[in-house]
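# Architecture at a glance
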Amino acid sequence: QVQLVESGGGLVQAGGSLRLSCAASGSIFSINAMGWFRQAPGKQRELVAMITSGGRTNVADSVKGRFTISRDNAKNTVYLQMNSLKPEDTAVYYCNGDVTVVGSMGSRRYWGQGTQVTVSS
């Protein structure tokens, strides 16, 4: 019923920038928080940044000052601008959305398929 599709990952040198996008589609009534998580090989998935429908953000300390999350509510899309990338930012980045489907009584979390970000030193 709901799909989240990420784009914008790739290979970049340390110090470079990438912009990730995640578009939600389907039978969407509303989207509450949207965000980005990442998972590096051998590590647990961790929160990178979240943004509410009202624009309040929560950004992990490890990326604060380098990454910026934003969203376009009209397009059901969330973005992650990543600057000053470091090799330790290398991971699969997953989009997440707390979505209320048309006709349902509550919301649930949906995940994208993930996009690889690789930062070379």
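### Notes on the packing of aromatic side chains
On inspection of all chains with the given rule, the structure shows one aromatic pair. Taking the centre distance of 5.0 Å and the plane angle of 65° together, the rings of Phe-37 and Trp-111 count as edge-to-face. Residue Phe-37 is located in strand S4 (residues 28–39), and its partner Trp-111 is located in strand S10 (residues 107–111); the two are separated by 74 residues in the primary sequence. Classification of Phe-37 as buried rests on a relative accessible area of 12%. For Trp-111, a relative accessible area of 35% corresponds to the partly exposed category. The lysine or arginine in question, Arg-45, covers the ring of Tyr-94, its NZ or CZ lying 3.7 Å from the ring centre. We note Arg-108 situated over the ring of Tyr-110; from NZ or CZ to the ring centre the distance is 3.9 Å.

### Brief notes about the state of the cysteines
One way to say it: the disulfide is the covalent bond shared by the sulfur atoms of two cysteines. Taken as a whole and assessed by the stated rule, the structure comprises one disulfide. Between Cys-22 and Cys-95 runs a disulfide, and the two sulfur atoms are separated by 2.0 Å. Note on the Cys-22 and Cys-95 pair: the S-S dihedral is about -80°, so by sign convention the disulfide is left-handed. A residue pair is termed long-range when its members are at least 10 positions apart, and Cys-22 in strand S3 (residues 18–26) and Cys-95 in strand S9 (residues 91–101) qualify at 73 residues. Each of the two residues, Cys-22 as well as Cys-95, counts as buried.

Conventions and cut-offs
- Residues numbered from 1 in each chain as written.
- Predicted model: local features only at pLDDT ≥ 70, side-chain atom pairs only at ≥ 80, totals over all residues.
- Heavy atoms only, no water.
- Phe/Tyr/Trp six-rings, centres within 6.5 Å; stacked < 30°, edge-to-face > 60°.
- Helix = DSSP H or I, 4+ residues; strand = E, 2+ residues; numbered from the N terminus.
- Buried < 20%, exposed > 50% of the residue type's maximum accessible area, 1.4 Å probe, protein only.
- Lys NZ or Arg CZ within 6 Å of the ring centre and 35° of its normal.
- Disulfide = S-S within 2.5 Å.

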